[in-house]
Amino acid sequence: MTKKHGYKECSTEELVRLYESAASEHGQANRRGDYRAGNPAADTVAAIYRELRSRGLEHQRMLLPLLLSSDIGVRTWAGAHALEFEPRQGEAILLDIAKREGIEGFNAEMTLKVWREGNLRFP
């Protein structure tokens, strides 16, 4: 499935699975320091989130189970997006991740900082 088309035809459940896969891929690439591999995955996550948002709040909320994922990359992306529609849950996850060392902790900390300043823009 390409970033430019195809998401509108997907069920919300399928979009959530694709989001989870791309978020995991992005997190793994970041941990390896392979941003060339990570950037396309981030673009995919953003495109899927735009589609979910266009469908309404009930569809965005389908991402909430991902806050409990064993994959920190998935939790980080879902937590960041949840700030828009379930801020308490998103903030709680990101606060927990921000306690960690490494790229995940740094990313969560920066996401929270920008969000609290009112400058976080969602795709």
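All values derive from a computational prediction rather than experimental measurement.

Calculation rules
Residues numbered from 1 in each chain as written. Predicted model: local features only at pLDDT ≥ 70, side-chain atom pairs only at ≥ 80, totals over all residues. Heavy atoms only, no water. Helix = DSSP H or I, 4+ residues; strand = E, 2+ residues; numbered from the N terminus. Buried < 20%, exposed > 50% of the residue type's maximum accessible area, 1.4 Å probe, protein only. Contact = heavy atoms within 4.5 Å. Areas by Shrake-Rupley, 256 points an atom, 1.4 Å probe, with all protein chains shown as cover. Lys, Arg positive; Asp, Glu negative; His and termini not counted. Charge placed at Lys NZ, Arg CZ, Asp CG, Glu CD. Expected span 1.5 Å × (residues − 1). Core = buried A, V, L, I, M, F, W, Y, C linked by side-chain atoms within 4.5 Å. Salt bridge = Lys/Arg side-chain N within 4 Å of Asp/Glu carboxyl O.

**Looking at the overall build of the protein**
- A tally of helices and strands in the protein yields six helices and zero strands.
- Scanning the protein from its N terminus toward the C terminus, one meets helices and strands in the order α-α-α-α-α-α.
- The buried share among the 123 residues of the protein stands at 46%.
- Sequence separation of 24 or more characterises 59% of the internal contacts of the protein that already satisfy a separation of 6 or more.
- When the accessible surface of the protein is totalled, it reaches about 6,900 Å², and 51% of it is carbon and sulfur.
- Taken together, the 18 basic and 18 acidic charged side chains of the protein have centroids lying 3 Å from each other.

**So, helix α6 (residues 103-116)**
- Taking 1.5 Å per residue as the helical rise, α6 with its 14 residues ought to reach 20 Å, and the 20 Å between its terminal C-alpha atoms agrees with that figure.
- In the segment just after α6, G118 is the residue with positive phi, at about 80°.

**Let's talk about the nonpolar core**
- Formed by 29 residues in total, the largest nonpolar core has its most connected members in L15, Y19, V45, I48, L63, L66 and W77.
- Residues in contact with L63, not counting those within four places in the same chain, are V16, Y19, Y49, L52 and A78.

**Let's talk about the pattern of salt bridges**
- Taken as a whole and assessed by the stated rule, the structure comprises eight salt bridges.
- Its salt-bridge partner being R31, residue E104 comes within 2.9 Å of it at the nearest N-O pair. With a gap of 73 residues between them, E104 in helix α6 and R31 in helix α1 (residues 12-32) connect regions that are remote in the sequence.
- Judged by its relative accessible area of 10%, E104 is buried.
- Note that E117 is salt-bridged to K113, the shortest N-O span being 2.7 Å.
- The partly exposed category is assigned to K113, whose relative accessible area is 41%.
- Here the residues in one salt-bridge network are K8, E51 and R55, joined through shared partners.

Read these as spatial facts, not as claims about activity.
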